[in-house]
Amino acid sequence: MSNYLIVYISQTGSTREIAEKLTEILKSAGHTADIQDLEKDFDISGYSHIILGAPIHGMQMMPEATAFLQKNSLELKDKKLALFTVSYVTHCGRKTWGNMMKKKIDQLAESYNIAHTAHLCGRVDKQLPAPARWLFGIPRNAPLDLRNDQEVADWAQVLLAD
């Protein structure tokens, strides 16, 4: 069985909740899985698989996630690496935004030899201001919570098949 570490950074809680869900799924499949907040100190040396989770804000992955990849780049070369990002705007708004983020994440995955990536749905606490909805193409009546447990479970199955 594999030994997973899921590390995440979260602002609204969506990324943390997804990391917790992944941890549950991996454990229920018989693997060891630990979860760690990127803002705390921890050691990655005892793990064969690292899953990094980060939200998208301002059409950028949170800088703490990129800093983690840079800081641990040598040690990560010996591990299977996966990345999930979480966003509301890129799932609810114009496809242009999602395509732009996919391209950025694909470039990052290539740079760090990330085997699997997923761009998962998030939530917002309140409706975005009208100018932001217009810019991103978000309908006025869009639900605030787009999280999808099945989407997370499906991606977990991809990770388990590797």
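Remember, predicted model here, so these are calculated numbers, not experimental data.

Trainee: Residue-level account of the layout of surface pockets, with values.
Mentor: By volume, the largest pocket amounts to about 320 Å³. Ile56, His57, Ser87, Tyr88 and Val124 are, among the 20 residues lining the largest pocket, the residues nearest its centre. Mapped by element, the contributors of at least two residues to the lining of the largest pocket are α1 (14-28), β3 (49-57), β5 (80-87) and α6 (130-136). In terms of residues, the lining of the largest pocket owes the most to one element, β3, which gives 3 residues. Taken together, the residues of the lining of the largest pocket break down into 10 nonpolar, 9 polar and 1 charged. For the second largest pocket, the calculated volume is near 200 Å³.

Trainee: Talk me through the pattern of salt bridges; I want residue IDs and the actual numbers.
Mentor: Taken as a whole and judged by the stated rule, the model has 7 salt bridges. A salt bridge links Lys80 to Asp162; the shortest N-O distance between them is 3.5 Å. Of this pair, Lys80 sits in strand β5 while Asp162 sits in the segment after α7 (149-161), and the two are 82 residues apart along the sequence. Here Lys102 makes a salt bridge to Asp106, at a shortest N to O gap of 2.8 Å.

Trainee: Give me the nonpolar core: which residues, what numbers.
Mentor: One finds Ile50, Leu52, Met61, Phe68, Leu69 and Tyr88 to be the most contacted residues of the largest nonpolar core, which totals 34 residues. Mapped by element, the contributors of at least two residues to this core are β1 (3-8), β3, α2 (63-71), β5, α4 (89-92) and α5 (95-112). Ranked by the residues each element gives to this core, the list is headed by α5, at 5 residues. With residues near it in sequence (within four places) discarded, Leu52 still touches Val7, Leu38, Ala65, Phe68, Leu69, Ala82, Leu83 and Phe84. One finds Tyr4, Ile6, Ala33 and Phe84 within the second-largest nonpolar core, a separate group that totals 19 residues.

Rules behind the numbers
- Every chain is numbered independently, its residues counted from 1 as its sequence is written.
- With the structure being a predicted model, the display of local features is reserved for residues of pLDDT at least 70 and the display and counting of side-chain atom pairs for 80 or more, all residues being used for whole-chain, interface and lining totals.
- Note that water and hydrogens are dropped before the side-chain values are worked out from all heavy atoms of the structure.
- Cavities and pockets were defined on a 1 Å grid built from protein atoms only: a cavity is a group of points that admits a 1.4 Å probe but offers it no way out, a pocket is an open group of points flanked by protein on both sides within 12 Å along at least five of seven lines, and a lining residue is one with an atom within 4 Å of any such point.
- Grid points are joined across faces, edges and corners, and a volume is the space filled by probe spheres set on the points.
- Per the convention used, a helix needs a DSSP run of H or I reaching at least four residues, while a strand needs a run of E reaching at least two, with both numbered from the N terminus.
- Any residue outside Ala, Val, Leu, Ile, Met, Phe, Trp, Tyr, Cys, Pro, Asp, Glu, Lys and Arg is labelled polar, Gly included; the first ten of those are nonpolar and the last four are charged.
- When a carboxyl oxygen of Asp or Glu lies within 4 Å of a side-chain nitrogen of Lys or Arg, that pair is called a salt bridge.
- Nonpolar core, defined: a set of buried Ala, Val, Leu, Ile, Met, Phe, Trp, Tyr and Cys residues in which side-chain atoms within 4.5 Å join the residues together.
- Exposure is judged per residue with a 1.4 Å probe applied to protein chains only, and the accessible area is read against the type maximum: over 50% gives exposed, under 20% gives buried, and values in between give partly exposed.
- Residue contacts are counted whenever heavy atoms from the two residues lie within 4.5 Å of one another.

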